[in-house]
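Spelled out, the chains give:
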Amino acid sequence: MVRRSRSRKLQKLTGLCRREEGLRVRGEGGEARWGAARWQPEVRGGVGQGVRQTGRGNPRTQRKKMAGSNSTELGVRQWAPPQQQLISKRWEKEGHARHVRPLLLGQVKRSCPSCPSEPGGEEKKGRGNPVSVQLFPPELVEHIVSFLPVRDVVALGQTCHYFHQVCDAEGVWRRICHRLSPRLREQGSGVRPWKRAAILNYTKGLYFQAFGGRRRCLSKSVAPQLAHGYRRFLPTKDHVFILDYAGTLFFLKNALVSSTLGQIQWKRACRYVVLCRGAKDFASDPRCDTVYRKYLYVLATREQPGVVGTTSSQACDCVEVYLQSSGQRVFKMTFHHSMSFKQIVLVGQETQRDLLLLTEEGKIYSLVVNETQLDQPRSYTVQLALRKVSRCLPHLRVACMASNQSSTLYITDQGGVYFEVHTPGVYRDLFGTLQAFDPLDQQMPLALSLPAKILFCALGYNHLGLVDEFGRIFMQGNNRYGQLGTGDKMDRGEPTRVHYLQRPIALWCGLNHSLVLSQGSDFSKELLGCGCGAGGRLPGWPKGSASFVKLHIKVPLCACSLCSTRECLYMLSSHDIEHHPAYRDLPASKAVGTPEPSLGAGAPQDPGGVAWACEEYLSQIHNCPTLQDRMEKMKEIVGWMPLMAAQKDFFWEALDMLQRAAGGAGQGPPPPES
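Per an unreviewed UniProt entry, the recorded name for the protein chain is F-box only protein 24 isoform X4, and the organism is Odocoileus virginianus.

Shown next as structure tokens:
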């Protein structure tokens, strides 16, 4: 019985192999033909060389084999679908059949002609002459490559110039994008829209790690199928909101679900709902504690009916207010169609909430809303006014904004930074003095003195972080818990550079701790943190740290932003090939005083450039004719060096003492600002 059952299985396998649709290799007259002829791959030999017989004297197998060989010898062409017949005729006309036959028979040369040939040029027996991949039609190669995973497509494009062009074609990425997101209809804009869309949808993800409890591993939230990449996210008290690149705002709900053992457990971001479409930006209460985030403000574009009696409509910007607990809309404000906004931030208390709106022209408008009256079913009018920073400084063009409960920070398109502080306590923590604080004019912008152009920033409760165009990190404000990462717990009233960190991907400042997302030379990501470690907010460092230390957490490969709450740490994963921080190389004249290379940056600074800059400074001092000129030149050079504020004050005071001891004519001019 065992032998008979085995023979039946082998017969079934033989029949399946013979019933496969294949290619009729040769017909009458020796020409290649397309059809649905039955070809039989051999198990041990090569492809298309017949089926190995497993039984001896099996008449059924012998008859089927003879029938297959007779049909091959006579060149009988069986029926094929009409579409396949049209393709075969076109390929016969173009002469591609002689190139496709080796592909199906396993005789394709695996390297392109531009690559060096393999050692041992002798062809193996039974394989025939190899054929180059470049001889195939480009459409066929792109179609085959599109079935590979995204990682393999990227790796194949790095092998040679030919495959780089094939893997970079928009046709390949269009098929991959439709496979990853079948419901995506528009690919967006840009130089390579389909490649950008495919990589955005492949790398999208929201990861979180809870601070409390026994489980200390990174989890992933549900991924909405309709989302076109992830652009921004915001955790609230009960749920998480995500905005994609197509302007769709998703509502990721936490829920109580039953486990496999029948127990009820709390799941974060396990279900999703589309909250609204056409969204540009959204914001909530700027405080770090998510308990205060009751409402969600969404800046969106809506179609409004035009003049009465016409069918035309106009696109107008509006602000819609939703309850974060249920996603219900409770309030809506519509603006004139001539005003177009791109960013919204909140500042102030619930009873007097200021909404700051940034226009496309770089102007800032504000309006006041009382959140305690939003749930009442009535309508009222709010006044939209120009902010003082745009009214007093009309030449400034603001690029982005950041805010907390009692202060606002503006970054201009030229890299300048302006501050608004509304409470005396926060002003003292940030600047160390109340000398310039005016309680009657809290909207007066204050300019920060910085050595280079600022790209992005992070604003905490009473401290802030800035990143300039050279990838340097500057911290300022209260340092009671070491949240500035300077290695001590001394407050800083002006931007102070953190020397051992460079070229961060993201920077985040909270209530009393700071986080930096950096990338190593091998493209691996790591998360660094400093400040208070209570409640597990610095994994691996429960006592905290006054310097940035590596946290014990696994960071996703494509992580781009992060956020921390009292209960959880969130990281957003999304890679946009058209948007990345454009850091510049630091000039040698500004590289003096760099103590050690960065932890998360790429190559360290060239020590030869630093030595050259020092020699140049010495030559400038030597060319000064008098001792007083040399002292003044030395003060100027100290101002250029990236030293801490206390170190600069020390050098300037010492130089003044030496100048007076040498018989100088009183104190020189005030030391230059850094």
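S.K.: An account of the pairing of strand β16 (residues 407–412) is needed here, citing residue identities and associated values.
M.R.: Most of β16 is tucked away: six of the six residues are buried. Side-chain alternation along β16 places S407, L409 and I411 on one buried face and T408, Y410 and T412 on a second face that is also buried. Of the strand pairs in this sheet, strand β15 (residues 398–403) and β16 are connected by five bridges, and their pairing is antiparallel. Considered in β16, the bridge of C400 is made with I411. The antiparallel pairing of β15 with β16 creates a hairpin that spans three residues between the two strands. With five bridges joining them, β16 and strand β17 (residues 417–421) adopt antiparallel strand pairing. When the bridges of β17 are listed, I411 appears paired with V417. Two successive antiparallel strands, β16 and β17, enclose a turn made up of four residues, where G415 displays a positive phi of approximately 90 degrees.

S.K.: I'd like a rundown of unusual backbone geometry, residues and numbers included.
M.R.: Here the phi dihedral of A269 falls at roughly 50 degrees; this positive angle occurs in a residue that is not glycine. Inspection of the secondary structure puts A269 in strand β6 (residues 264–276). Phi is positive for F523, which is not a glycine, with a value near 65 degrees. With respect to the helices and strands, F523 occurs in the loop between β24 (513–519) and β25 (525–531).

S.K.: Describe the nonpolar core, with residues and values.
M.R.: Judged by nonpolar contacts, the single largest core of 28 residues is most densely connected at F233, L515, L527 and L562. Contributing elements (two or more residues each) for this core: β1 (205–210), β4 (239–243), β5 (249–258), β23 (506–509), β24, β27 (559–564) and β28 (568–573). In terms of residues, this core owes the most to one element, β28, which gives five residues. What F233 contacts, discounting residues up to four positions off in sequence, is L206, V240, F241, I242, F282, S561, L562, C563, Y570 and L572. V133, V141, A169 and V172 belong to the second-largest nonpolar core, a separate cluster that totals 22 residues.

S.K.: Outline the packing of helix α8 (residues 170–180) against helix α9 (residues 193–203), supporting the account with residue identities and numerical values.
M.R.: The description of two packed helices rests on the angle between their axes and on the distance between the axes. Following both chains from N to C, one finds α8 and α9 inclined at 35 degrees, their axes separated by 8 Å at the closest point. Classified by chirality, the crossing of α9 by α8 is left-handed. On α9, the residues that touch E170, W173, R174, I176, C177, H178 and L180 of α8 are P193, W194, K195, A197, A198, I199 and Y202.

S.K.: Account for the sheet that holds strand β12 (residues 353–359), naming residues and giving values.
M.R.: Read across the open sheet, the four strands follow the order β11-β12-β13-β14; overall the sheet is antiparallel. Either end of the sheet is taken by a strand with one partner, and the two such strands are β11 (341–347) and β14 (385–386). Across six bridges, the pairing between β11 and β12 is antiparallel. When the bridges of β12 are listed, V345 appears paired with L356.

S.K.: Explain the side chain of S221 to me, using residue names and the numbers behind them.
M.R.: Here S221 shows up in the loop between β2 (219–220) and β3 (232–235). Look at S221 and you get buried, because its relative accessible area is 9%. Look past the residues within four positions of S221 in its chain and what remains in contact with it is L206, F208, L252 and A269.

The rules behind each value
- Residues numbered from 1 in each chain as written.
- Predicted model: local features only at pLDDT ≥ 70, side-chain atom pairs only at ≥ 80, totals over all residues.
- Heavy atoms only, no water.
- Buried < 20%, exposed > 50% of the residue type's maximum accessible area, 1.4 Å probe, protein only.
- Helix = DSSP H or I, 4+ residues; strand = E, 2+ residues; numbered from the N terminus.
- Pairing = 2+ DSSP bridges.
- Core = buried A, V, L, I, M, F, W, Y, C linked by side-chain atoms within 4.5 Å.
- Contact = heavy atoms within 4.5 Å.
- Axes fitted to C-alpha atoms, helices over the stretch in contact; angles between N-to-C directions.
- Left-handed = near helix turned anticlockwise from the far one by under 90°.

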